[in-house]
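# Inside the fold
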Amino acid sequence: MKQRIITGVVAGVLFLGLCVLGGFGYPALIMLMALVGFYEFAKMSTGAPFRAEAWIGYLAVGYLTFPWQVWDLNFPIPPQHAIWLALLLLLCATVLTKNEINIKQASLLFLGAVYVGLGFYYIAASRETPDGHGLFWTFLLLLSIWGSDAGAYFTGKAFGKNKLWPAISPNKTIEGAVGGILIAVVIALGFSLAFPELLHPVRGMLIGLAASVVGQMGDLIQSAYKRTYGIKDSGSILPGHGGILDRCDSWLAVFPFVHILFLLPF
């Protein structure tokens with residue numbers, strides 16, 4: 001527990017400090033986290049994170065999360081085109097290697113590149129929203145997610161009786177999930193009351209609801225594929241916490257989702 005607390009404090013101060021400062025440091029950190037996250041995914045799903053075909057995934061993730069905006073640059077090619085090119089290269093690899101790299105391996109690497117690359121892309125983009133209030137939106141989402149996690153944990157401990165999805169995550173309860181939703185909505189409403197010029201209460205409630213429901217699903221998704229491979233953590237880069245994907249599973253689902261629903265300026 002001591003190690004877990006120390007790691008959490010150090011990582012949290014570094015992440016939030018760079019987020020507040022903005023500039024090059026924060027998007028560079030996001031890009032590094034994305035590349036490590038893809039490494040974890042590739043190692044877990046294929047067992048060969050540095051084989052030639054995996055580098056197609058690294059290139060795709062790096063391209064999607066590269067801090068172009070820091071230098072006021074646009075993507076040389078649109079992200080959707082880059083994703084398709086990565087898909088084409090992976091499919092070509094199955095042909096050129098005469099199925100030594102098979103379609104299953106190619107599919108898993110493509111899935112990882114999209115899941116990790118786009119997830120972290122939207123995390124970085126939330127800090128650079130066109131309205132100039134990216135720090136507000138980033139903190140709103142992060143605190144709503146963290147509040148949901150804490151609310152689900154403590155509500156589940158106190159009142160949990162009915163299992164939410166025991167085949168995937170045996171400790172989660174329906175009562176805990178509901179508690180997490182309520183806490184996330186309250187946090188988002190608090191943001192709307194503190195900054196009414198930026199966030200209408202109804203929009204705040206929708207963001208809090210999305211952060212909790214989609215965030216909890218992101219957590220279950222991570223649990224599901226870890227269970228498939230029989231592992232407890234996706235990595236060990238964060239002592240006491242596991243890997244990047246373990247700590248960012250909710251983020252990778254929530255940040256893209258709220259952008260897709262146009263709940264954030266983008």
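### A word on the side chain of Thr-173
Inspection of the secondary structure assignment puts Thr-173 in strand S2 (residues 169–173). Using a relative accessible area of 8% as the deciding quantity, one classes Thr-173 as buried. A distance of 3.0 Å separates a polar atom in the side chain of Thr-173 from the backbone nitrogen of Gly-176. If we ignore the near neighbours within four places in the chain, the residues touching Thr-173 are Gly-156, Gly-160, Lys-161, Asn-162, Lys-163 and Leu-164.

### Quick word on unusual backbone geometry
For residues other than glycine, phi is negative in most cases, and the peptide bonds are mostly trans. With a phi angle near 55 degrees, Lys-98 is a residue other than glycine that sits in the positive phi range. Here Lys-98 is to be found in the loop between helix H4 (79–96) and helix H5 (103–126). The exposure class of Lys-98 is exposed, given its relative accessible area of 75%. In this structure, Phe-262 is a non-glycine residue whose phi angle is positive, near 55 degrees. Along the chain, Phe-262 turns up in the segment after helix H9 (244–260). For Phe-262, a relative accessible area of 67% gives the class exposed.

### Examining the packing of aromatic side chains
All chains considered together, the criterion is met by 21 aromatic pairs. Here the aromatic rings of Phe-15 and Tyr-26 are separated by 5.5 Å at their centres, their planes lie at 65 degrees, and the arrangement is edge-to-face. Linking Phe-15 in helix H1 (residues 2–21) with Tyr-26 in helix H2 (residues 25–46), this pair joins segments that are 11 residues apart in sequence. Grouping residues by exposure puts Phe-15 and Tyr-26 together as buried. Residues Trp-55 and Tyr-58 carry aromatic rings whose centres are separated by 4.8 Å and whose planes lie at 45 degrees to one another, so their mutual orientation is tilted. Pair noted here: Trp-55 and Tyr-58 are both in helix H3 (residues 52–65), with a separation of 3 residues, about one helical turn. A residue is classified by how much of its surface remains accessible, and Trp-55, at 44% relative accessible area, is partly exposed. Taken together, Tyr-63, Phe-66, Trp-68, Phe-75, Tyr-121 and Tyr-122 form an aromatic cluster joined through their ring pairs.

### What about the packing of helix H6 (residues 134–159) against helix H7 (residues 174–194)?
Where H6 meets H7, the axes come as close as 6 Å, and the angle between the chain directions of the two elements is 150 degrees. Where H6 crosses over H7, the two elements pack in a sense that is right-handed. Residues Phe-136, Phe-139, Leu-140, Leu-143, Ser-144, Gly-147, Ser-148, Gly-151, Ala-152, Thr-155, Gly-156 and Phe-159 of H6 touch H7, and the partners they reach there are Glu-175, Gly-176, Ala-177, Gly-179, Gly-180, Ile-183, Ala-184, Ile-187, Ala-188 and Phe-191. Classifying every residue of the contact of H6 with H7 gives 12 nonpolar, 9 polar and 1 charged.

### So, H2
Here H2 is 22 residues long and its end C-alpha atoms lie 31 Å apart, about the 32 Å a rise of 1.5 Å per residue gives. Downstream of H2 by one or two residues, Gly-47 has phi in the positive range, about 75 degrees.

### Structural notes on a nonpolar patch on the surface
Residues Phe-24, Phe-66, Val-70, Trp-71 and Leu-73 make up a contiguous nonpolar surface patch of about 440 Å² in total accessible area. According to the relative accessible area criterion, Phe-66 is partly exposed, its value standing at 30%.

### Let's talk about the side chain of Gln-222
Locating Gln-222 in the fold gives a position in helix H8 (residues 201–229). In this view, Gln-222 contacts Tyr-115, Ser-234, Leu-245, Asp-246 and Asp-249; residues no more than four positions away in its chain are not counted.

### Details of the nonpolar core
One finds Met-33, Phe-120 and Trp-251 to be the most contacted residues of the largest nonpolar core, which totals 56 residues. Look past the residues within four positions of Phe-120 in its chain and what remains in contact with it is Ile-30, Met-33, Ala-34, Thr-65, Ile-244, Cys-248 and Leu-252.

Reading guide: rules and limits
Residues numbered from 1 in each chain as written. Predicted model: local features only at pLDDT ≥ 70, side-chain atom pairs only at ≥ 80, totals over all residues. Heavy atoms only, no water. Helix = DSSP H or I, 4+ residues; strand = E, 2+ residues; numbered from the N terminus. Buried < 20%, exposed > 50% of the residue type's maximum accessible area, 1.4 Å probe, protein only. Polar contact = N/O pair within 3.5 Å; in protein donor to acceptor, adjacent residues only side chain to side chain. Contact = heavy atoms within 4.5 Å. Phe/Tyr/Trp six-rings, centres within 6.5 Å; stacked < 30°, edge-to-face > 60°. Axes fitted to C-alpha atoms, helices over the stretch in contact; angles between N-to-C directions. Left-handed = near helix turned anticlockwise from the far one by under 90°. Nonpolar A, V, L, I, M, F, W, Y, C, P; charged D, E, K, R; others polar. Expected span 1.5 Å × (residues − 1). Patch = residues over 30% accessible without salt bridge, like charges linked within 9 Å, V, L, I, M, F, W, Y side chains within 5 Å. Areas by Shrake-Rupley, 256 points an atom, 1.4 Å probe, with all protein chains shown as cover. Salt bridge = Lys/Arg side-chain N within 4 Å of Asp/Glu carboxyl O. Core = buried A, V, L, I, M, F, W, Y, C linked by side-chain atoms within 4.5 Å.

Without other data, these values stay purely geometric and don't point to any function.
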